[in-house]
Structure formats: structure tokens, C-alpha cells
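The primary structure of each chain is shown beneath.
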Amino acid sequence: MTTQRWGGYWTDAGWTLDLWAPQAERVGLVLNGDERPMIRQANGFWSVTAPARPGDTYLLRVDGQDMPDPASRLQAGDVHAPSVVTARPDDRWQTPWAGRDWAEAVIYELHLGTFTPEATLAAAAGKLAGLADLGITAVELMPVGQCQGDRGWGYDGVLPFALHPAYGSPDDLRRFVDQAHSLGLMVVLDLVMNHFGPEGAYLHHAAPAFFDESRHTPWGAAIDFSQAAVREYWIQCAEYWLGEFRLDGLRLDAVHQIAGPGAEDFMTALARRARAVDDSRAIHLIVEDERNDPFLRENGYDASWNDDFHHAIHCQLTGESDSYYANFAVDPIGDLCLALQRGHVEEGQPRAARDDPRGQPCGHLPPTAFVNATQTHDQVGNRALGERLLSLADPQGVRTGFALLLVAPYIPMIFMGEERGATTPFLFFADFTGDLARAVREGRAAEFAGIASLGSGVPDPLDPETFARSRLDWRDDDTARDWLALTKRALAFRRDHVVPLLKSGRSGSARVVRHGAASLAASWPFHQGTLDLQLSLGQAAPDLQAADDAAFSLGRIGSDPYALSVSTRFP
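Parameters at a glance
- Residue positions are given per chain, counted from 1 along the sequence in the order it is written.
- Totals for whole chains, interfaces and linings use every residue, but because this is a predicted model, local features are given only for residues with pLDDT of at least 70 and side-chain atom pairs only at 80 or more, for both listing and counting.
- In computing side-chain properties, one takes all heavy atoms of the structure into account and sets aside hydrogens as well as water.
- In this scheme, strands are said to pair when DSSP sees at least two bridges between them.
- Runs of E in the DSSP output that reach at least two residues are strands. Runs of H or I that reach at least four are helices, and both are numbered from the N terminus.
- Throughout this description, buried means an accessible area under 20% of the type-specific maximum (1.4 Å probe, protein chains only), exposed means over 50%, and partly exposed covers the range between.
- One side-chain nitrogen of Lys or Arg within 4 Å of one carboxyl oxygen of Asp or Glu is enough to make a salt bridge.
- Axis geometry follows a simple rule: fit a line to the C-alpha atoms, using only the stretch in contact for helices, then measure angles between N-to-C directions, giving values from 0 to 180 degrees.
- Residues are treated as being in contact if the distance between any of their heavy atoms lies within 4.5 Å.
- To estimate the expected span of a helix, count its residues, drop one, and scale the result by 1.5 Å.
- Each C-beta atom gives one direction from the helix axis, and the arc is the one those directions make.
- Within this scheme, the nonpolar core is defined by two criteria: the residues are buried Ala, Val, Leu, Ile, Met, Phe, Trp, Tyr or Cys, and they are joined through side-chain atoms within 4.5 Å.

1. Remarks on the pairing of strand 15 (residues 211-217)
1) Next: In this structure, strand 15 lies alongside strand 16 (residues 220-223), joined through four bridges in antiparallel fashion. Bridged to Asp-212 within strand 16 is Ala-222.
2) Next: As consecutive antiparallel partners, strand 15 and strand 16 are separated by two residues.

Laid out in C-alpha cells, this is it:
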């Protein structure tokens, strides 16, 4: 059976446009202001072939309401504006590139709007050489699908096929990817498939059946993955970004909200189709999944974000115990031992300060199946004041936790600026107007109303100054140079010692032994050799001794409250 396409595409007959609107009575294409009827197909799609040219503008008229194409590749303006007919893809700016082995991944998460003062893809491309020089091997772009306004995190997108114009043009993204590949950097895109933003989601009008009104996510109506057309929409979206821009992979946001009938089949089909986009290069797939479930990683996905590691480090360094930190604050060093031994901490066992067990056993998965971080856009940006870890904890403790992240045999992810000791906040910001702006502002303030120390001090997410304060500080001072030197040294150790072990495969289970209140020793056996690590994260353990030939160290094990030592042994 031929797969039904979404949006506009070129064939030998010309430019064809398809839309799924199974409940609509009448659908038309308004091309350059002139309407022509679309023909209803048997499967709920409507289709038309028209004499369009690249650069022409068009709208869809669904039962009398004009709307942009839900699969628009380019807009003539904001999310309410006409869509634009795009040209056939070509092979410009394509550096020869076969991708990289996932074991080599060192991910750098960045938000294009705050990564550089210019807030563009072109400006971000100019920073890539510096990242590559540090030993970073992949950049992960926070969502770039078009949302309303100029400012936002990207998770309020409503046109997921269209590049947000504030960052530049599709050609700018092609140039960015090509520049990254020329430097040996992979490019991963954060893609949101579990919900649409609150303004401009015209699919609610064109295809109410796209949504499951009996179920809601924290961000609005849930999507009905039991519908074949819905599954195709998102799979084709993934194929578009991977194929059109030669991306190296995707990070799929909050897949625990991709639920209900058809969801599991969708996720496995998505992995299969995404990897089939181009068999000449490696394509990697990451999920954010609160369930701590191994299923997706056993069925086509490389890795999952591992918030458990973050929470253990954060609670140990800050002493915080609010909200989701409560159960990790009970014994953070004990939890860190579990994270280093098994990957996840919560694997379905009873936990203090948690009513409902979470997770399934995942210790059989390879270390590369876990993306660890000590800071992320979520963990920084979802704080009322957007503080980074350096503003909350002992700087030497933060350095030690960061070094641990980079040298441990899991996939490390750096949040932009972390590599240079940045202290600029990363706040929640948006660019809505009217009633929606008021609702977002009031909702954000209410979220933190219980924290008396904040009072009325929660930054207004609609104020442009909130966005401006979140821009990364690129100052070149002694602190930045010191952090950059640490990052480069740790990643050189990872490249030379950890990656070869990961590629050889694990030969047994990790062994982690706690020493005193805040220290531990860990060993990971691989076919090529063993990685040994000693760590103190707040209190020295005099009985803990580092190897005499440690290849990487920070502080003095056995003496300093914050210290790290790592070495390798070979058969």
C-alpha cells in the first residue's frame, strides 16, 4: 500500500499537496490568492496537484476557514501566515560524512536563541570549531519547529516541519550542519511529538480526530496514535529533518506522553523508518522517558536521558529536597552508587519519600544507553530563577561532579556554557500576547507561589529582559579558561581511554563500593580492560586510595572533600 504524504511535494506531474481532514465537508487550496478545490480520498486525505513554483504562497481553506499547511516546510510570516512552496531538495553544502559511532558521543545541548548574542544559526555555526576543539562530538539543538513569536524554548511549536524563522533560513540550517560535519561534529535535533503549542495549532480545526480528547498531557490535548495518518505525520516529520538536512539523530521529547493505542507500534516504526532515511551514515535516536523502561532501548533507540544521575548529583551538592528531589535527597551518595553501577537509580523498587515505585530493571543495558547530565535546559530552566549549579553549590563540588560526568562510561551531555563555568541563568521565556500571555504569566507565578522567599520576584516570562538575561556569557576570563582547560583535559581522557573500552563491549557488571559518607570506588569491566574510579563528593574518605598511575585526577583522593581519580587496567 502506498504511504499517504502530508504537505506539499514534487512529482513528475508537478507540485502536489495532501491534507488529512477526515471530518471536513470541503477543502480547497488557495494558491497565490486563487482557490482550487481539493479532492477527497477514501482514507480521509484531500489532495490536489497545482501549477505551483518555489516561492509561491498558499493557504488551505477547510470548511471556510483559511489556515497554513500543518506540514508547512516554510512560512511567509508567523504561524498564522501563508505557507511557502519550497524547491526540490539538492545536495548543496554536503561535506562527505558517514557519521560517528555512538560510543564516541559527547553531547552539547544548546538553545539557538540564547547561545549567541545574535541568536541565529549563522552565529552558532561560528562557535562550532571551539566546541570541537574541546573534544565535544555532537550538538543537540533544542526544538526549532515554528512557534508563535520570536522568543521561546521551542516546546510550544505548532508547525513541526517548519524551521523557526527567528533562527534563520533552511539554507542556514544546511550550512550549520555542513560546518558541524566538516569539524567531526554530529547534529541532533530535539523533536516534540507529544503535543502542540497553545497558539496556531490549526490541526484542531482541520482534523479533530488527530487528538484523543479523553486523555490530556500537562501541555494540552493528547495525540491519538491509533490513527495511521497521525503516525505518518510524525514519522514523515522525522524523515524530513533527518533527510533534508542530513541530521545525525533525534532526541524525542517526553515520550512517556506518547501513549494509548498505537503508541508502542508508532515508536518502533519510527525507529525503523528513521534509520532507513540514509543507510550510508549512522543515525542515532535518543528519548526522554520518565518511565525508566528498557523497552525502547531494546527496540531501536540508542539511549534515554537519565535524570536519576542528575538528581543524585544535584541533591548531594545542593542539599535540596523539594518536589521531585525529595526521594533523591534521602541518600544521594547511595543513589549515585546505584547510578554508576546500573545506569538508572529507580528500577521499580520501593523508595523512601516516593509513594509509587517507578521504573524497570535496566542494568543489563550497555552504558551507552544512558545520557547523563549534571545540568540540562529542564533542570536549570524549570527553576523559578533559572540558576545554574554554580550559583547553588560549592564550586569545587560542581567541578568534581562535572568531571565525573565527562569521564564516567556513560554518554555525557553538557548544557551550553557549563564547559566554561557560566553562571548566567537560563530562565523560562515566551513571546505570546493577549489572554494567552496573561495565562502564561499567571501560571508561572502560581507555580512558585509557595516559595515564600521569591515573593513577587518570579521573572515575567513575557518580558524581553527575561530572554535577554538568559543569553550565554562568552566572557574570556581566568574562570572561563580554567573550566575550558578542565573540560578539554577530561574529554581527552575520555577519547583516549574510555571510548576504546566502550567500543570493546562490557565483559561483566560494574562494581561500586561506598566509602564513608560521601565517597565511593567504582570499577567497570570491558573486554579490552577495566576502568577504575575513586570519587569524593563532599567529604574525604581516608581509607580510599587512588591508583599511583591514575590517568586523570582532580584534587587528592583520601584528603580533599571533593576529589576524583580515574585509571585503566588491561588484561
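There is more to say, and it comes next.
2. What to know about the sheet that holds strand 2 (residues 14-20)
1) Next: Pairing is antiparallel in the open sheet, where four strands are placed in the order 1-2-6-5. One side of each edge strand has no neighbouring strand; the edge strands of this open sheet are strand 1 (7-11) and strand 5 (39-40).
2) Next: Where strand 5 and strand 6 (residues 45-50) come together, two bridges link them in antiparallel fashion. Its bridge partner lying in strand 6, Arg-40 is registered against Trp-46.

3. Remarks on the environment of Ala-201
1) Next: Within the secondary structure, Ala-201 sits in the loop between strand 14 (186-191) and helix 5 (203-206).
2) Next: Assessed through its relative accessible area of 15%, Ala-201 is described here as buried.
3) Next: In sequence terms Ala-201 and Val-79 are 122 residues apart; their C-alpha atoms lie 8.4 Å from each other.

4. Focus on the pattern of salt bridges
1) Next: Taken as a whole and assessed by the stated rule, the structure comprises 38 salt bridges.
2) Next: With its nearest N and O atoms 2.5 Å apart, the salt bridge here joins Lys-503 to Glu-104. Residue Lys-503 is found in helix 14 (residues 478-504), and its partner Glu-104 is found in the loop between strand 9 (83-84) and strand 10 (107-110); the two are separated by 399 residues along the sequence.
3) Next: The partly exposed category is assigned to Lys-503, whose relative accessible area is 44%.
4) Next: By relative accessible area, which is 18% here, Glu-104 ends up buried.
5) Next: With a shortest N-O distance of 2.6 Å, Arg-174 and Glu-244 are connected by a salt bridge. Within this pair, whereas Arg-174 is found in helix 4 (residues 170-182), its partner Glu-244 is found in helix 6 (residues 228-244), the two being separated by 70 residues in sequence.
6) Next: Relative accessible area serves as the criterion here: at 19%, Glu-244 is assigned to the buried category.
7) Next: Several salt bridges converge on common partners, so that one network encompasses Asp-308, Asp-335, Glu-346, Arg-351, Arg-354 and Arg-358.

5. Notes on the sheet that holds strand 23 (residues 519-525)
1) Next: Ordered by their spatial adjacency, five strands build an open sheet running 22-23-24-26-25, and the pairing between neighbours is antiparallel. Looking along the sheet, the strands with just one partner apiece sit at the ends: strand 22 (511-515) and strand 25 (552-554). Averaged over all pairs of adjacent strands, the angle between strand axes in this sheet comes to 10 degrees, irrespective of strand direction.
2) Next: Contacting strand 24 (530-537), strand 25 and strand 26 (562-569), helix 14 crosses the sheet at an angle of about 145 degrees to strand 25.

6. Quick look at helix 12 (residues 434-447)
1) Next: Between its first and last C-alpha atoms helix 12 spans 20 Å; for 14 residues at 1.5 Å apiece the expected length is 20 Å, and the two agree.
2) Next: Three or more residues of helix 12 are buried, namely Ala-437, Val-440 and Arg-444. When helix 12 is viewed along its axis, its buried side chains cluster within an angular range of 65 degrees and face the same direction. Exposed residues on helix 12 whose side chains face more than 90 degrees from its buried face are Asp-435, Glu-442 and Ala-446.

7. Here's the deal with unusual backbone geometry
1) Next: Notably, Arg-246 is not glycine yet its phi reads approximately 55 degrees, a positive angle.
2) Next: Topologically, Arg-246 is positioned in the loop between helix 6 and strand 17 (249-252).
3) Next: One non-glycine residue with positive phi stands out, namely Ala-353, at about 65 degrees.
4) Next: Counting through the fold element by element, Ala-353 comes out in the loop between helix 9 (332-342) and strand 20 (370-372).
5) Next: By relative accessible area, Ala-353 is classed as exposed at 57%.

8. A word on the nonpolar core
1) Next: Grouped together as the largest cluster of nonpolar side chains are 159 residues, with contacts concentrated most on Phe-176, Phe-210, Trp-234 and Trp-241.
2) Next: In terms of residue count, helix 6 provides more of this core than any other element does, ten residues in total.
3) Next: When near neighbours in sequence (up to four residues on either side) are disregarded, Trp-241 contacts Val-144, Pro-160, Phe-161, Ala-162, Leu-163, Leu-173, Leu-189, Leu-191, Arg-246 and Leu-247.
4) Next: Ranked by size, the runner-up nonpolar core spans 14 residues in total, among them Trp-97, Trp-102, Trp-305 and Ala-373.

Just distances and angles here, no functional claims.
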